[in-house]
Amino acid sequence: MWIVVALLALGRLGTVFSSVLLDYNEGWNAFQAAAAMGKGALYPPANGFTANNYPPLSFYAVSFFSKFFGDLIVSGRIVSLISVIVVSGAIHAAIGRIVPERRIFPWLGCLIFLLFNVTVFRSYVAMNDPQWMGHAFMMAGVLALIWRAPEKRVPLPAIIMFSLMMFLGMLVKHNIVAIPLSVAIWLLSFDRRAFFICLVMAILSVVAIAALDGLLFDGNMIASVIEFKRSYSLDRMLLHSLVAILFIPMTLCSGQLWHERRWDRRAGLLVIGIWVSLLLGVLQGSGSGVDINAYFETLIFLSIACPVALALRSSSAWGRRFRFLLALPLAILIPYGAVVSAGEIRGKAESVATAEAMISRIRMMPGPVACEDLALCYWAGKNFEVDFFSTRQKLAQGEFRKRFHDAIANHDYSAIEMKNMMPGTDENSVRMLISEHYHLLYERGDMGIYVPNLSGRMAGQ
């Protein structure tokens with residue numbers, strides 16, 4: 001199985017140092033890291049065409065690593081990959097502390113975690129995105145909390161370390177709250193002293209974040225994160241929640257842990273974490289721009305809980321039945337991962353050629369260029385002109401819509417790179433608006449470069 005995981009990872013690992021376009025977030029995060037290095041405002045005005053709704057720590061971390069790797073996107077990919085490995089190590093350590101006499105089960109937890117990562121969650125493997133970094137900090141805090149079985153009280157140093165890691169994790173990604181919320185519920189049930197200490201530390205963390213915001217960002221960071229406009233949809237929530245079906249065998253396997261909490265309270269934390277993270281994942285999955293990453297914390301808790309539950313089974317026959325049940329998702333995950341990885345490997349050369357051709361064209365365009373695929377503008381040396389995602393979310397505001405319409409109608413951009421025009425399929429009709437004032441100049445793959453219409457010229461003429 002370790003060989004299978006390694007083979008399935010090849011398609012993603014082969015893109016780390018290439019100009020393959022993996023996700024919209026990659027270019028977006030690169031421009032934010034560039035702003036952290038002093039190339040623009042990290043938290044621009046709310047009424048602008050660019051936005052930043054993430055806390056700042058990951059951008060400074062990626063900019064630091066860029067001293068070694070140069071390219072901010074490549075640096076972000078490497079940081080993300082290291083973070084996945086750190087989380088995997090934390091899962092191994094957590095299982096090893098709870099069932100120290102069963103040495104094979106920590107490796108089973110790592111295997112489950114990595115297998116899901118190279119299959120259903122593979123789009124986030126080695127992608128320039130900060131979420132796994134945030135989870136790496138938080139898992140360090142969880143390890144401090146469960147390093148030894150709590151008897152009457154959780155040690156004060158463990159509480160302080162946990163709170164510090166939660167603080168750093170929230171400075172990376174603001175909406176990964178399942179771990180701190182689960183721990184709060186867990187502590188409230190058996191150690192009120194530890195709960196209130198954590199509560200005080202959380203309040204102090206909020207004060208510290210507010211102070212940092214005022215000192216470094218003139219009070220714009222918290223407002224940018226909290227006031228970010230995002231649409232929500234029941235259909236989107238139901239679609240994203242389908243991934244939870246793959247968690248059913250592990251959830252059933254972990255159910256017995258609730259009874260084990262009488263002998264080891266850490267078992268209760270795992271069960272609480274599974275259900276809290278699953279509920280939050282379903283709710284967060286309704287948001288526009290939220291993907292399967294809403295279920296990362298569920299995967300983390302299940303990767304710990306399931307091996308622990310198997311290790312604690314008194315009946316070997318019962319354990320064998322659950323091992324059979326756990327094998328069922330493999331029938332879906334491994335073939336899916338194999339097909340996708342093979343496609344990535346076969347299509348890499350063409351993807352690189354397409355991206356390089358677009359980058360060369362964008363680099364030659366005079367003046368400002370607005371890219372839907374922001375990595376193209378980053379690699380072409382252009383500035384961050386338009387955040388198409390946040391712009392679509394804000395177009396319901398009349399004044400903002402008028403300003404954006406005027407910018408397009410007045411040809412404020414010498415060129416606009418977008419996916420091939422499909423009028424009527426894009427929310428808020430951004431493509432429709434652009435097609436009225438710009439026409440296609442160059443097309444490669446599913447991407448096109450559009451330039452302003454001549455006076456009186458209609459799109460496509």
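What you see is a predicted model, and the numbers here were worked out from it, not measured in a lab. One numbering rule holds for all chains: residues counted from 1, following each sequence as written. The predicted origin of the model limits local features to residues at a pLDDT of at least 70 and limits the giving and counting of side-chain atom pairs to 80 or more, whereas totals for whole chains, interfaces and linings rest on all residues. Each side-chain value is worked out from all heavy atoms of the structure, with water and hydrogens disregarded.

Focus: the overall build of the protein
Right, on to step 1. Of the regular secondary structure elements, the protein holds 21 helices and four strands.
Right, on to step 2. C-alpha atoms define the radius of gyration in this analysis, and the globule rule sets the expected value at 2.2 Å times the number of residues to the power 0.38. Taken over C-alpha atoms, the radius of gyration comes to 24 Å for the protein, in line with the 23 Å a tight globule of 461 residues would show.
Right, on to step 3. Its C-alpha atoms put the protein at 80 × 50 × 45 Å along the principal axes.
Right, on to step 4. Put simply, the protein has 461 residues, and 53% of those count as buried. What counts as a helix is a DSSP run of H or I of at least four residues, what counts as a strand is a run of E of at least two, and both are numbered from the N terminus. Any residue under 20% of the maximum accessible area for its type is buried, any over 50% is exposed, and the rest in between are partly exposed; the area is computed with a 1.4 Å probe on protein chains only.

A look at the state of the cysteines
Right, on to step 1. The disulfide definition used here is simple: a pair of cysteine sulfur atoms within 2.5 Å. Following the criterion strictly, the structure yields one disulfide and no others.
Right, on to step 2. Cys371 shares a disulfide with Cys377; S-S distance 2.0 Å. On the sign convention where negative is left-handed, the bridge of Cys371 and Cys377, at about 75 degrees about the S-S bond, is right-handed. Pair check on accessibility: Cys371 and Cys377 agree, each one buried.
Right, on to step 3. For the unlinked cysteine Cys110, the closest cysteine sulfur is that of Cys306, found at 14 Å.

So, the pattern of salt bridges
Right, on to step 1. We count a salt bridge whenever a side-chain nitrogen from Lys or Arg sits within 4 Å of a carboxyl oxygen from Asp or Glu. Counted under the stated rule, the structure contains 10 salt bridges.
Right, on to step 2. Ionic pairing is found between Glu26 and Arg77, a salt bridge with its closest N-O pair at 2.7 Å. Of this pair, Glu26 sits in helix 2 (residues 24-36) while Arg77 sits in helix 4 (residues 72-98), and the two are 51 residues apart along the sequence. A single burial state applies to Glu26 and to Arg77, both of which are buried.
Right, on to step 3. Between Asp264 and Arg266 there is a salt bridge, and its shortest N-O distance comes to 2.8 Å.
Right, on to step 4. Taken together, the shared-partner salt bridges connect Arg12, Arg122 and Glu344 into one network.

Re the packing of aromatic side chains
For any pair of aromatic rings, the description rests on two quantities: the centre-to-centre distance and the angle between the ring planes.
Right, on to step 1. A pair of Phe, Tyr and Trp rings is counted when the ring centres sit within 6.5 Å of each other, with Trp represented by its six-membered ring. The angle between the planes then sorts it: under 30 degrees is stacked, over 60 is edge-to-face, the rest tilted. Tallied over the full model, the rule gives 21 aromatic pairs.
Right, on to step 2. With centroids separated by 6.3 Å and ring planes inclined at 65 degrees, the aromatic side chains of Trp28 and Phe59 adopt a geometry described as edge-to-face. Within this pair, whereas Trp28 is found in helix 2, its partner Phe59 is found in helix 3 (residues 57-69), the two being separated by 31 residues in sequence. No difference in accessibility class separates Trp28 from Phe59, as the two residues are buried.

Here we look at the side chain of His240
Right, on to step 1. Within the secondary structure, His240 sits in helix 11 (residues 234-240).
Right, on to step 2. With relative accessibility at 14%, the residue His240 sits in the buried group.
Right, on to step 3. Any two residues whose heavy atoms approach within 4.5 Å at even a single point are treated as in contact. Not counting residues up to four positions away in its chain, the partners in contact with His240 are Gly285, Val290, Asp291 and Tyr295.

A closer look at the confidence of the model for the protein
Right, on to step 1. Looking at the protein, the pLDDT average stands at 89 and 94% of residues meet or exceed 70.
Right, on to step 2. Ignoring residues within four places in sequence, the model shows residues 456-461, a span with pLDDT below 50, making eight contacts including any to other chains. How sure the predictor is of each residue is captured by pLDDT, a score from 0 to 100.

Looking at the pairing of strand 3 (residues 438-444)
Right, on to step 1. Here six bridges tie strand 3 to strand 4 (residues 447-452), and the two strands are oriented antiparallel to one another. Its bridge partner being in strand 4, Arg444 is matched across the sheet by Met447.
Right, on to step 2. What sits between strand 3 and strand 4 in their antiparallel hairpin is a turn of two residues, with Gly445 showing a positive phi close to 65 degrees. In this description, strands pair whenever DSSP reports at least two bridges between them.

Observations concerning unusual backbone geometry
Right, on to step 1. At Asp218, a residue that is not glycine, the phi angle is positive and equals roughly 55 degrees.
Right, on to step 2. Tracing the backbone through its elements, the reader meets Asp218 in the loop between helix 9 (192-217) and helix 10 (220-226).
Right, on to step 3. Judged by its relative accessible area of 66%, Asp218 is exposed.
Right, on to step 4. Even without a glycine there, the phi angle at His411 is positive, about 60 degrees.

Points about the sheet that holds strand 1 (residues 369-371)
Right, on to step 1. Strand order in the open sheet formed by four strands is 1-2-4-3, with mixed pairing between adjacent strands. Edge strands, defined here as strands with exactly one partner in the open sheet, are strand 1 and strand 3. Taken pair by pair, the neighbouring strands of this sheet meet at an average axis angle of 25 degrees, ignoring direction.
Right, on to step 2. As paired elements, strand 2 (residues 415-419) and strand 4 share four bridges and run antiparallel to each other. In this analysis an axis means a line fitted to C-alpha atoms, helices contributing only their contacting stretch, and an angle means the value between N-to-C directions, from 0 to 180 degrees.

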